[in-house]
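# Results of the structural survey
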Amino acid sequence: MSFEYLGLSDEILSALKDAGYSEPTPIQAKAIPSILQGRDILGIAQTGTGKTASFTLPMIDILSQGRARARMPRSLILEPTRELAAQVAESFEKYGKNSKLTMALLIGGVAFADQERLLDRGVDVLIATPGRLLDHVERGRVMLTGTEVLVVDEADRMLDMGFIPDVERICKLMPQTLQTLFFSATMPKEIKQLTDQFLKNPKTIEVSPPSSTASTITQKLVPVAAHDKVKRQALRHLLRGEDVKNGIIFCNRKKEVKVVCKSLKIHGFSVGELHGDLPQETRMEILSQFKGGEIQFLVASDVAARGLDIPSVSHVFNFDIPTNPEDYVHRIGRTGRAGKEGHAFTLSTPRDKKYLDALIKFLGKEIEEEIYPEFQNKPEERKKTSAARKERKTRDDHSPRQSKKKKSSRRDAAEKDEPVIGMGDHIPAFLLRDG
Ligand code: AMP
């Protein structure tokens, strides 16, 4: 199917041609004609499905008629994070380059003076995070009574971040004639209540069930021995893979993001970090360096990376198995986007068993294992380890002191990254330090 059959204007079709899009994604094919007819939409779709264009394209055409009034935006797009808001703004610029729409952004970390000047003149599109928007509404700088189209994007992420009461307040300030376009990857009951209350006879479009992952992504599970040093070695090995063009490495905690990023830098990788502790400007800068190919790898936490639109990521690496299985789908959705081939590798240690079991249950299928013998305790080594432990115990029972020779051979083995035999369960901290 071609974009020409969806009812979009020639200006948009020409911008799409320049963007190199030959045909609409399923959500675009289903949503665009209904939005152009003025219907409310409930889109159950994750990022990577082309959902941003599914609402920006028809909005550009809808808003091309009419004029904005001071402080009364004609359309409002609510986004959970500043990064997502900035990406939607980029989409409007890209697809709306042949139209004269005006736009303002109300997001944290961006100076307000310029945005307020734009708002005072009147904007067609206002993109905002809920808290920032309400600040402005309360100070009388924005009035929502003239809004024609409202987009609530990534509603389930808003729920995770505690924004739903703000979204509800904003919906109550809207005029009766509003057209609402509502998007969420999943439909927890809080979101369902919100859509029941505010959407009018919506067209529901579900393009991909929440636990499904794109078929263009090959997924591999890489078992590794239990500690971080081996995990980092395994990661480095994977990063050096032949077809790795660029990639995002996900960790469960900010602390881990910092440690992994530092370690990769020491080993000569081109890498940047993205987590919630960094100032907004630094995050944007790192993201643009990554998008521009100046840095090859991004180490990121879930919140910082959710929904980022990075079109050409060849690989995703899960340094940790996510504690929330849904995050796995979001993480690996950074690759294999818009029909491109993608690869996702997940490191798994025996400690992660609980999370791995939960993930497999959630996905409803196993993830194929890729075994690297050097990164796991092979069964015969485990046997050797336990035999050595028994031998040590017997020896220690007779002679409590070990010979100097034995100690230094263990250290040699550890420094060569060989499996260390006879340490028992406790590995001394100095051996765990990254080499
Ligand atoms: P989204 O789901 O909105 O985050 O979009 C995912 C990616 O797909 C973005 O990089 C878009 O630029 C790209 N994209 C959106 N629509 C199309 C299309 N029809 N053809 C090719 N790429 C697209």
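## Some details on the environment of phenylalanine 183
Of note, phenylalanine 183 is situated in strand β6 (residues 179-184). Note on phenylalanine 183: relative accessible area 1%, which makes it buried. Counting along the chain gives 22 residues from phenylalanine 183 to isoleucine 205, while the straight-line C-alpha distance between them is 9.5 Å. Among residues more than four places away in sequence, those in contact with phenylalanine 183 are Ile27, Ile41, Gly43, Lys51, Ser54, Phe55, Val151, Val152, Asp153, Glu154 and Ala155.

## A word on the pairing of strand β5 (residues 149-152)
In β5, alternate side chains face the same way, and those of Val149 and Val151 on one face and Leu150 and Val152 on the other are all buried. Note: strand β2 (residues 75-78) against β5, 4 bridges, orientation parallel. Within the sheet, the bridge partner assigned to serine 75 lies in β5 and is valine 149. The pairing of β5 with β6 spans 4 bridges and is classified as parallel. Considered in β6, the bridge of valine 151 is made with leucine 181.

## A look at the nonpolar core
Counting residues in hydrophobic clusters, the biggest one holds 34 residues, and the most contacted among them are Leu57, Met59, Ile77, Phe92, Ile127 and Leu181. Residue assignment for this core shows that the elements contributing at least two residues are α1 (10-19), α2 (26-36), α3 (51-63), α4 (82-95), β3 (103-106), β4 (125-128), β5 and β6. Top element by residues in this core is α3. It accounts for 6 residues. Discounting chain neighbours no more than four positions away, the residues touching methionine 59 are Ser75, Ile77, Phe92, Val149, Val151 and Leu181.

## Observations regarding the packing of helix α8 (residues 164-172) against helix α9 (residues 189-198)
Running from amino to carboxyl end, α8 crosses α9 at an angle of 0°, the nearest separation of the two axes being 11 Å. One way to sum up the angle between α8 and α9 is to call them roughly parallel. For the pair α8 and α9, contact is made by Ile164, Val167, Glu168, Cys171 and Lys172 and by Ile191, Leu194, Gln197 and Phe198, respectively. In terms of residue class, the contact of α8 with α9 is made up of 6 nonpolar, 1 polar and 2 charged.

So, how was this worked out
Think of each chain on its own: its residues are numbered from 1, step by step along the sequence as written. Whole-chain, interface and lining totals are the exception, using all residues; otherwise, since this is a predicted model, local features are given only for residues with pLDDT of at least 70 and side-chain atom pairs are given and counted only at 80 or more. Hydrogens are left out, water is left out, and the side-chain values use all remaining heavy atoms of the structure. Under the DSSP-based scheme used, a helix requires at least four consecutive residues in state H or I and a strand at least two consecutive residues in state E, with every element numbered from the N terminus. Accessible area is worked out with a 1.4 Å probe on protein chains only. A residue is then buried under 20% of its type maximum, exposed over 50%, and partly exposed in between. The contact rule is simple, with two residues in contact once any of their heavy atoms fall within 4.5 Å. Here a strand pair is declared whenever DSSP counts at least two bridges between the two strands. Each nonpolar core is a collection of buried residues, namely Ala, Val, Leu, Ile, Met, Phe, Trp, Tyr and Cys, held together in the definition by side-chain atoms within 4.5 Å. Helix axes are fitted only over the stretch in contact, all axes being lines through C-alpha atoms; the angle between N-to-C directions runs from 0 to 180 degrees. With respect to orientation, any angle under 35 degrees is reported as roughly parallel, any angle over 145 as roughly antiparallel, any angle of 65 to 115 as roughly perpendicular, and every other angle as oblique. Classification used: nonpolar for Ala, Val, Leu, Ile, Met, Phe, Trp, Tyr, Cys and Pro, charged for Asp, Glu, Lys and Arg, polar for all others including Gly.

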